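# Understanding the architecture of this molecule
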Amino acid sequence: MKSLITFYRFLGKYKWRMLLFLFVYFISIILETIRPYWLKGILDAIQNSQSHQIFIYFLLFGLSTVGTNFISTLAFYFADRVLIPLARHIRETVFQKVMELDFAYHVNKSTGSLISAFRRGDGAVFSLFHNIHFDLFSVFVSLLVTLFFLFKTSLDIGLSLLILAIVNGFLIWWLVKHNLQTRTDLNHAEDHVSGIIADSMINYETVKFFAGENKERRRLSAQFDDWTQKLWRFSNSFRLMDIAIGTTSGIAMLFMLWLAIQKLNHGFTLGDLVMVTGFITGFYYEFFRLFFRVRDIAKSITDLEKYFDILDQDTQVKDPLSPQTITNPQGYLSFKNLSFTYPKDKSKVIHDINLDIHQGEQVAFVGRSGAGKTTLVKLLLRFYDPIRGSITFDGVDIRQLSKSHLRSLMAVVPQEPIMFNNTIKFNLAYGRENASMADIRTAAADANILDFIEKLPKKWQTEVGERGIKLSGGQKQRLAIARALLVQPKVLIFDEATSNLDSASERKIQQALKNASKNRTVIIIAHRFSTIRNADKIVVLSNGSISEIGKHRELLQKGGLYKTLWTLQSKGKLIENESLTDR
Ligand SMILES: Nc1ncnc2c1ncn2[C@@H]1O[C@H](COP(=O)(O)OP(=O)(O)OP(=O)(O)O)[C@@H](O)[C@H]1O
Ligand SMILES: [Mg+2]
């Protein structure tokens, strides 16, 4: 029911257009339903040989028939003037909400399930609108019209229809509730199936590496067992409805017809009999329509529930009520007593970190895999908030800044850069839409990727494929560096990929980093120690805590963890040795 309220809140924006549509449609339903009454007029006039009356009723019958067609078409047009902008408005709102949701939400979501919830939700907006405002509304209005004429003609026939309407109303309500439950169960099963399909498709590379095609088919097949069972239960719930509604309506209709026949020659004219028959046979189908529509409404409401649930998702990392702005950013960062645990995870990933990174400094984070290096970057960007301690930017606690302002001060080259399935130019200019071609070229040149781009047959218009699959690891990284440089951030964060690059690519990236270091603070999370020899400060992390800080030479002399890691890497052992993993 909550989703229905949300639906009408969206619809409220178009209330005047909605009223216009309902009014026009109301007239068209009345014109359509009233026809048996004109027919009675014709028959009564024939019986009484009133040729003038015959003509009038015939004209009214004709006008009703033709008029309904025109007016209902007009009503459909007015409805579309509501529905089309409404569907777009809802879709954009939900999409925007998904984009704004926390990093943590996106980490836990399943894209496949989310897309199927989106698709079903979109469809439900259209069908719910139609089912309520065309079908339900039309049944309701024609029931009123029919009851009015039946009561006018005969109290017991009118009463019979009223009772039938009430009984069927309850019956439909009860049956639909059962149907709704089976539908929810089916949706869950369907989401799991879509989730597996999407997951298999995203991981196609791994599937191929391990010849896992059959394994994937079996994984899907197992999920389909549950899906099949739920679909049977859902389908069978309709059989029950068909039997129940069909039986009650059929018996009641026969009863009313029998009553009408009894009354013939006892106050009922032939015209009355034809009119009553016309009304009740018309209504027999209305009940079926009603039950099909209520069924569809129930289905749409369930579909909308999951869609609108997205709107109710809470953001954990909130913007402050009155955010501060750093007008002249310097790029001085300070971590104070910082501790952090991932949500729903007990173990502490960051332990009591205290660190100052001064403006223009080049600082490197090193440590074993899982030490918490990337996590520190996520905290710095406020993808998560720490459980204790704080981070300041130019002395201002980052929780006092709006997330968008904070993130505009920094740019990140992620550990595994991902590109949009679009052109090189689109990807490069993503952070600064109004960048001139000259700026874009400069950023590309500084990132050491300009030559590569210009040698491509389609140059800047080259499509990079889904997630950037058509680019090599090194090219993707340099493109990501260019993308970061283009926004001219005060702080540049480079989370080096763990994958090994050949020495030519590595040199290109190092050159790119050197170019990037002018006039800004640079944080490098290094896996290749050659990258950081000249860093102003090297921070060695171990199990989420700082174990050493110093320059390359100092740390080597000290003979601690840094020296161990460095020695291992120079012997080329870092990757193979599993015991080196912190977690
Ligand atoms: N979203 C998450 N939810 C729960 N735990 C996470 C999440 N992301 C990372 N972790 C855990 O936090 C720890 C630190 O991860 P992090 O990515 O910071 O390591 P890292 O130092 O960057 O490692 P690498 O050198 O391999 O990139 C790891 O144990 C990891 O499993
Ligand atoms: Mg990492």
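Predicted, not measured: the structure shown is a model, and the values here were computed from it.

### Description of helix 2 (residues 15–33)
- An ideal rise of 1.5 Å per residue puts 27 Å on 19 residues; helix 2 measures up with 26 Å between its terminal C-alpha atoms.
- Looking at helix 2, one finds that the buried residues are M18, F21, Y25, S28, I29, L31, E32 and T33.
- The inward-facing, buried residues of helix 2 abut helix 1 (2–11), helix 3 (35–47), helix 4 (51–100) and helix 6 (111–153).

### A word on the sheet that holds strand 7 (residues 491–495)
- With respect to topology, 6 strands assemble into an open sheet ordered 6-7-8-3-9-10, the strand pairing being mixed. Only two strands of the sheet have a single neighbouring strand rather than two, namely strand 6 (410–413) and strand 10 (545–550). Strand-to-strand twist of the sheet, defined as the mean angle between neighbouring strand axes without regard to direction, takes the value 20 degrees.
- The pairing of strand 9 (residues 537–542) with strand 10 spans 5 bridges and is antiparallel. Within strand 10, the residue paired with I538 across the bridge is G550.
- Helix 16 (residues 473–486) rests against strand 6 and strand 7 of the sheet, and its axis sits at about 175 degrees to strand 6.
- On top of the sheet, helix 19 (residues 561–570) reaches strand 3 (362–367), strand 9 and strand 10; it is set at about 90 degrees to strand 9, its chief contact.

### Quick notes on the site of ligand 1
- In the vicinity of ligand 1, 15 residues are found, and the nearest of them are Y342, S369, K373, T374 and T375.
- Counting residues per element, the shell around ligand 1 draws most heavily on helix 11 (residues 373–380), at 3 residues.
- Residues of the shell around ligand 1, tallied by class, amount to 4 nonpolar, 8 polar and 3 charged.

### Thoughts on the domain arrangement of the chain
- When cut into domains, the chain gives domain 1 (2–312) and domain 2 (350–580).
- Here domain 1 and domain 2 have C-alpha centroids that lie 55 Å from each other.

### A closer look at unusual backbone geometry
- Unusually for a residue other than glycine, N448 sits at a positive phi of about 65 degrees.
- Although it is not a glycine, Q488 sits at a positive phi angle of roughly 45 degrees.
- Considering the arrangement of structural elements, one finds Q488 in the loop between helix 16 and strand 7.
- For Q488, a count of 15 C-beta atoms within 10 Å gives the class partly exposed.

### What to know about the sheet that holds strand 2 (residues 348–357)
- Pairing is antiparallel across the open sheet formed by 4 strands, whose spatial order is 2-1-4-5. The sheet terminates laterally at strand 2 and strand 5 (396–397), the two strands that pair on one side only.
- Two elements, strand 4 (residues 388–393) and strand 5, share 2 bridges in a ladder whose sense is antiparallel. What sits directly across from F393, in strand 5, is V396.
- Packed on one face of the sheet, helix 11 meets strand 1 (333–341), strand 2 and strand 4 and runs near 70 degrees to strand 2.

### Regarding the nonpolar core
- The biggest cluster of nonpolar side chains holds 68 residues, and the ones touching the most others in it are A364, L428, I481, A482, I493, I524 and I538.
- It is helix 16 that contributes the most residues to this core, 7 residues altogether.
- Sequence-distant contacts of L428, defined by excluding residues within four places in its chain, comprise I440, A443, A444, L479, A482, R483 and L486.
- Judged by nonpolar contacts, the second largest core, of 51 residues, contains L11, W38, V125 and M241.

### A look at the pairing of strand 3
- Among the 6 residues in strand 3, 6 count as buried, and that is most of the element.
- Side chains Q362, A364 and V366 project from strand 3 onto one buried face, and the interleaved V363, F365 and G367 project onto a second face that is buried too.
- The pairing of strand 3 with strand 8 (residues 521–525) spans 4 bridges and is classified as parallel. Across the sheet, residue Q362 finds its bridge partner in strand 8, namely V522.
- As defined by bridge partners, strand 3 adjoins strand 9 across 5 bridges and the pair is classed as parallel. Bridge pairing in strand 9 links G367 to L541.

### Section: the packing of helix 4 against helix 6
- The geometry of helix 4 relative to helix 6 is characterised by a closest axis approach of 10 Å and an angle of 150 degrees between their N-to-C directions. One finds that helix 4 runs roughly antiparallel with respect to helix 6. Relative to helix 6, the crossing made by helix 4 is right-handed. Here helix 4 contributes A79, L83, L86, A87, I90 and R91 to the contact with helix 6, which in turn contributes D122, V125, F126, F129 and H133.
- Taken together, the residues of the contact of helix 4 with helix 6 sort by class into 8 nonpolar, 1 polar and 2 charged.

### Observations concerning the environment of E286
- Within the fold, E286 resides in helix 10 (residues 270–312).
- In sequence terms E286 and V139 are 147 residues apart; their C-alpha atoms lie 6.2 Å from each other.

Criteria and cut-off values
- Residues numbered from 1 in each chain as written.
- Chains lettered and ligands numbered in written order.
- Predicted model: local features only at pLDDT ≥ 70, side-chain atom pairs only at ≥ 80, totals over all residues.
- Helix = DSSP H or I, 4+ residues; strand = E, 2+ residues; numbered from the N terminus.
- Expected span 1.5 Å × (residues − 1).
- Buried ≥ 20, exposed ≤ 12 C-beta atoms within 10 Å, placed from the backbone.
- Contact = placed C-beta atoms within 7 Å.
- Pairing = 2+ DSSP bridges.
- Axes fitted to C-alpha atoms, helices over the stretch in contact; angles between N-to-C directions.
- Near = placed C-beta within 6 Å.
- Nonpolar A, V, L, I, M, F, W, Y, C, P; charged D, E, K, R; others polar.
- Domains from an automatic or database assignment.
- Core = buried A, V, L, I, M, F, W, Y, C linked by C-beta atoms within 7 Å.
- Parallel < 35°, antiparallel > 145°, perpendicular 65-115°, else oblique.
- Left-handed = near helix turned anticlockwise from the far one by under 90°.

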